[in-house]
Amino acid sequence: MAAETKSIRTEIASFQTRVLGLEQRVSKVEAHASSFQDKDQELLFLCRKLTDMEHRSRRDNVRFIGFPENMEGEDLHRFLRDTLPRLTGTTFEPPLEFQRAHRLGPRRTGTDARPRPIIACLLCHSKARQLIQKAHTHSPFQLDGHTIRMSADFSKETSDRHRAFLALRPRLHQLEVKYGLFEPARIQAKPYLIMTRPNRGGAWHREHGKLVSRDDGGPRCAPVPGRLALPPLGLV
C-alpha cells in the first residue's frame, strides 16, 4: 500500500510539473500574441498614414479622359494650357502652368482602342482645385465632338473604395436617401450616416427613421440621434 501511494504521489508530482510547464508556455504564447496584435495595429496605422500621404502628394494632379491620341501634338503642356479654358468656359489668370503632364500607360492598338488618359500636375494648387470643382458641376465636357471627363487623381486604395461605394447608390436611391460622395473617400447620407468604408454586406434598412447597416443578420450599429458612424468594414 505504501509503495502504491508513493507511486501515485510521484505521478501527481510529475503531472504538476508538466502542467506548470504548459502554463508557462501558454503565458509566453499569450504574451507574443498580444505583441503581434500591437504590431498589427501599428502596421494598420502606418498603412493608413502612407495612403493619406500618397493622397496628399496627388492633390495637384488632374486626370483627363477622352482626348483622342495625338490631339495634343508635340507639346502637351501648351495643348492643355490653350484647351482647358475653352473646354471649361473659364478664364484662368494667370494662365495655367504645369509641372508635368503625360499620357498613362502604353499606346493602345486597334481601331476601337480607347485613348489613353492624360494626367497633369499643376504648379498652382488653387488652379487644380478650380478644375476639380468645375468637373464636379459640369463634367462631362464636349470638345469638337469628343466627350471629355476630368477627375482628381487618387491612390489605388481610395479608388477601390470609390468603386465599392458605387454599388450602394441603387440601394440608397431605393430607400430615398439623399447622399453625397466626398473626397477622398467618404459617403454621407444626410443627415444620419457618414461612411468612410463600404459595408461588405451591403444590406441597409430604416430603423426608427435612421439608416442602419446590417451584416450577417445583426445590426452593426445601433441607431443614435444625429449622425450614425459605421465602423470600418469591408476593405482594409
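Each chain carries its own residue numbering, running from 1 in the direction its sequence is written. In keeping with the predicted nature of the model, local features appear solely for residues at pLDDT of at least 70, side-chain atom pairs appear and are counted solely at 80 or more, and the whole-chain, interface and lining totals rest on all residues. The side-chain quantities take in all heavy atoms of the structure and omit both hydrogens and water.

Enquirer: Just to check I follow, could you spell out the packing of aromatic side chains for this structure?
Expert: One pair of aromatic rings is described through two measures. These are the centre distance and the angle between the planes. A pair of aromatic rings is counted whenever rings of Phe, Tyr or Trp (Trp by its six-membered ring) have centres within 6.5 Å, and the orientation is called stacked for planes under 30 degrees apart, edge-to-face for over 60 and tilted otherwise. If you walk through the whole model with that rule in mind, you get two aromatic pairs. With 6.1 Å between their ring centres and 55° between their planes, phenylalanine 64 and phenylalanine 67 make a pair best called tilted. For phenylalanine 67, a relative accessible area of 1% translates into the label buried. Arranged with centres 5.3 Å apart and planes meeting at 80°, the rings of phenylalanine 67 and phenylalanine 79 form a pair that is edge-to-face. Of the two residues, phenylalanine 67 sits in the loop between strand 1 (61-65) and helix 2 (76-88) while phenylalanine 79 sits in helix 2, which places them twelve residues apart along the sequence. The rule is simple: take the accessible area with a 1.4 Å probe, protein chains only, and divide by the maximum for that residue type; under 20% is buried, over 50% is exposed, in between is partly exposed. Residue classification places phenylalanine 79 among the buried positions, given a relative accessible area of 11%. Through successive ring pairs, a cluster of aromatic residues spans Phe64, Phe67 and Phe79. We count a stretch as a helix when DSSP gives it H or I for four or more residues in a row; a strand needs E for two or more, and each element gets its number in order from the N terminus.

Enquirer: It is not clear to me how the side chain of serine 155 should be interpreted in this structure. Could you clarify?
Expert: The topology assignment puts serine 155 in the loop between strand 5 (146-152) and helix 4 (156-166). The class for serine 155 is buried, based on a relative accessible area of 2%.

Enquirer: Mind showing me how you'd approach the sheet that holds strand 2 (residues 98-103) here?
Expert: Backbone hydrogen bonds are what pair the strands of a sheet, in a parallel or an antiparallel way. Across the sheet, which stays open at both edges, the five strands sit in the order 2-3-1-5-4 with antiparallel pairing between neighbours. Each edge of the sheet is formed by a strand with only one pairing partner; in this case those strands are strand 2 and strand 4 (141-143). Neighbour-to-neighbour, the strand axes of the sheet open up by a mean angle of 25°, direction not taken into account. At least two bridges found by DSSP between two strands are what make those strands a pair. Where strand 2 and strand 3 (residues 118-122) come together, five bridges link them in antiparallel fashion. Across the sheet, phenylalanine 98 pairs through a bridge with leucine 122, a residue of strand 3. Only heavy atoms enter the contact rule, under which two residues are in contact if any of them lie within 4.5 Å. Only the stretch in contact is used when fitting a helix axis, every axis being a line fitted to C-alpha atoms; angles between N-to-C directions are given from 0 to 180 degrees. In this fold helix 2 packs onto strand 1, strand 2, strand 3, strand 4 and strand 5, with an angle of close to 90° to the strand it touches most, strand 2. Lying on the sheet, helix 3 (residues 125-138) is in contact with strand 1, strand 3, strand 4 and strand 5; it crosses strand 5 at an angle near 125°.

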